[in-house]
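# Inside the fold
Here are the chains, one letter per residue:
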Amino acid sequence: MWSAERLRSLIPAGGLGEDLYYYPSVGSTNDRAKELAEAGCPTGTVVVADEQTAGRGRAGRGWFTPAGAALAFSVVLRPPEAPADDLAPSGPRAPARRGETAGWTAVGALSVRDGLAALGAEAEIKWPNDVLLARRKAAGVLAEAAWRADAVTHVVIGIGVNVTPDSVPGPRLLDYPATCVETHLGHPVDRADLLAGILASLERWTAGFRLSAVLAAWEASLAFRGESVHVEGEGRAWQGQLSGLGPRGELRLRLDNGDSLLLPAGVMHLRPVDSGPV
Ligand code: BTN
């Protein structure tokens, strides 16, 4: 069991997590963080929970967070700490697509990758937002932005990491093979240390946000590059070779006829063509 005191002792003063809310059990840390943001909490506020009873994943799915097993937290960022998301939707359909937050999602996934690297685990990012260890999902990111007119008022970056084997959902809840950090590393992991490592990295990525650096790091960590993948979304499906990212974080697919296609993150699901049953 961890405590707010232990978490606070690991987080440097003046940075992300200086304002820290710890809950033994909460519905969803993203929902709690949104409430705090709407009530005016400072940028960098972090909400952590031991257990979530209504954890949320992408595309309206649930996120399994039993007590004592997972890392589940959300970070509130406001401009200027919430950097202008140059990957946010633009153009005529932009207002309808404002829930899409490719840049912040990528920054969240890169921070998890860095936090895991500090523990000796080499992670990859399954476009757009899943963090994989040995090709199995170990973490996910749900970034949600609030807008007033054309400006972002705040962003909530929610991160869930499977830490102990108890945090890995059973097969009925899985839509992609999953693992956890402890199984991957073969030894116990302190969730508070992992949280501190991820926050330190998130702070570096947001403080010096450069879209080109985010895209380069994201592309360098991309899982299944050069492999055949299947992508589904918006009622359509595509298959081709994953060749990298586009200039706005789109997935670049090379189709069998040689054409290249750019797919926007939106609500897309990707899996390698050779993946067996979950
Ligand atoms: C996904 O892979 O679908 C994204 C999962 C994001 C889960 C985290 S856990 C902390 C935060 N609170 C939530 O309700 N969701 C995010």
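Here we summarise the structure given alongside this text.

Conventions adopted
Residues numbered from 1 in each chain as written. Predicted model: local features only at pLDDT ≥ 70, side-chain atom pairs only at ≥ 80, totals over all residues. Heavy atoms only, no water. Pairing = 2+ DSSP bridges. Helix = DSSP H or I, 4+ residues; strand = E, 2+ residues; numbered from the N terminus. Axes fitted to C-alpha atoms, helices over the stretch in contact; angles between N-to-C directions. Expected span 1.5 Å × (residues − 1). Buried < 20%, exposed > 50% of the residue type's maximum accessible area, 1.4 Å probe, protein only. Contact = heavy atoms within 4.5 Å. Polar contact = N/O pair within 3.5 Å; in protein donor to acceptor, adjacent residues only side chain to side chain. Near = heavy atom within 4 Å. Areas by Shrake-Rupley, 256 points an atom, 1.4 Å probe, with all protein chains shown as cover. Nonpolar A, V, L, I, M, F, W, Y, C, P; charged D, E, K, R; others polar. Parallel < 35°, antiparallel > 145°, perpendicular 65-115°, else oblique. Left-handed = near helix turned anticlockwise from the far one by under 90°. Salt bridge = Lys/Arg side-chain N within 4 Å of Asp/Glu carboxyl O.

## Structural notes on the sheet that holds strand β10 (residues 251–254)
If you trace the five strands from one edge of the open sheet to the other, you get β11-β10-β9-β8-β12, paired in antiparallel fashion. The open sheet has two free edges, formed respectively by β11 (260–263) and β12 (269–272), since each of these has just one partner strand. With direction set aside, neighbouring strand axes in the sheet form an average angle of 45°. As paired strands, β10 and β11 are joined by four bridges and run antiparallel to one another. Its bridge partner lying in β11, Arg 252 is registered against Leu 262.

## Some points on helix α3 (residues 102–118)
If you check α3, its first and last C-alpha atoms are 24 Å apart, about what 17 residues at 1.5 Å a residue would give, namely 24 Å. For α3, the buried fraction is high: 15 of the 17 residues fall into the buried class. Just downstream of α3 lies Gly 120, where phi reads positive at about 95°.

## Quick notes on helix α5 (residues 191–207)
Given 3.6 residues per helical turn, the α-helix brings residues three or four places apart onto the same face. Its 17 residues place the ends of α5 24 Å apart at the C-alpha level, agreeing with the 24 Å of an ideal helix rising 1.5 Å per residue. Burial in α5 covers these residues: Arg 191, Ala 192, Leu 194, Leu 195, Ala 196, Ile 198, Leu 199, Ser 201, Leu 202, Trp 205 and Thr 206. Looking at the buried residues of α5, the elements they touch are α1 (4–10), β2 (46–52), β3 (70–77), α3, β7 (151–162) and α6 (211–220). The N-capping residue of α5, defined by a side-chain oxygen 2.8 Å from the backbone nitrogen of Ala 192, is Asp 190.

## Regarding the site of the ligand
With respect to spatial proximity, 21 residues lie near the ligand, and among them Ser 28, Gln 52, Arg 56, Arg 58 and Lys 137 are the closest. Within the backbone of Asn 30, an N or O atom sits 3.5 Å from a nitrogen atom of the ligand. In this structure, an oxygen atom belonging to the ligand sits 2.7 Å away from a main-chain N or O atom of Arg 58. The fraction of the free accessible surface of the ligand (420 Å²) that becomes covered by protein chains is 99%. The set of elements that each furnish at least two residues to the shell around the ligand consists of α2 (29–38), β3, β6 (136–148) and β7. With four residues, β6 is the largest single contributor of residues to the shell around the ligand. Residue composition of the shell around the ligand, grouped by class: six nonpolar, eleven polar and four charged.

## So, the packing of α3 against α5
Relative to each other, α3 and α5 sit at 135°, their axes nearing to 8 Å. Comparing the axis directions of α3 and α5 gives the class oblique. At the point where α3 passes α5, the crossing takes the right-handed sense. In this structure, α3 uses Val 107, Gly 108, Leu 110, Ser 111, Val 112, Arg 113, Asp 114, Gly 115 and Leu 116 to contact α5, whose residues at the interface are Leu 194, Gly 197, Ile 198, Ser 201, Leu 202, Trp 205 and Thr 206. Class assignment of the residues belonging to the contact of α3 with α5 gives a composition of eight nonpolar, six polar and two charged.

## A few points about the packing of α3 against α6
Where α3 contacts α6, the axes come no closer than 10 Å and their chain directions differ by 55°. Judged by the inter-axis angle, α3 sits oblique to α6. Where α3 crosses over α6, the two elements pack in a sense that is left-handed. Of the residues in α6, those in contact with Ala 102, Ala 106, Val 107, Leu 110 and Arg 113 of α3 are Val 214, Ala 217 and Trp 218. Tallied by class, residues from the contact of α3 with α6 come to seven nonpolar, no polar and one charged.

## Observations regarding the pattern of salt bridges
For the structure shown, the criterion picks out twelve salt bridges. Note that Lys 34 is salt-bridged to Glu 144, the shortest N-O span being 3.5 Å. One end of the pair, Lys 34, is in helix α2; the other, Glu 144, is in strand β6, with 110 residues separating them in the sequence. Using a relative accessible area of 17% as the deciding quantity, one classes Glu 144 as buried.

## Considering the sheet that holds strand β4 (residues 123–126)
One open sheet accounts for seven strands, arranged β1-β2-β3-β7-β6-β5-β4; its pairing is mixed. One side of each edge strand has no neighbouring strand; the edge strands of this open sheet are β1 (20–26) and β4. This sheet shows a mean twist of 20° between the axes of neighbouring strands, independent of strand direction. Where β3 and β7 come together, eight bridges link them in antiparallel fashion. When the sheet's bridge partners are listed, Ala 70 is paired in β7 with Asn 162. Contacting β2, β3 and β7, α5 crosses the sheet at an angle of about 30° to β3.

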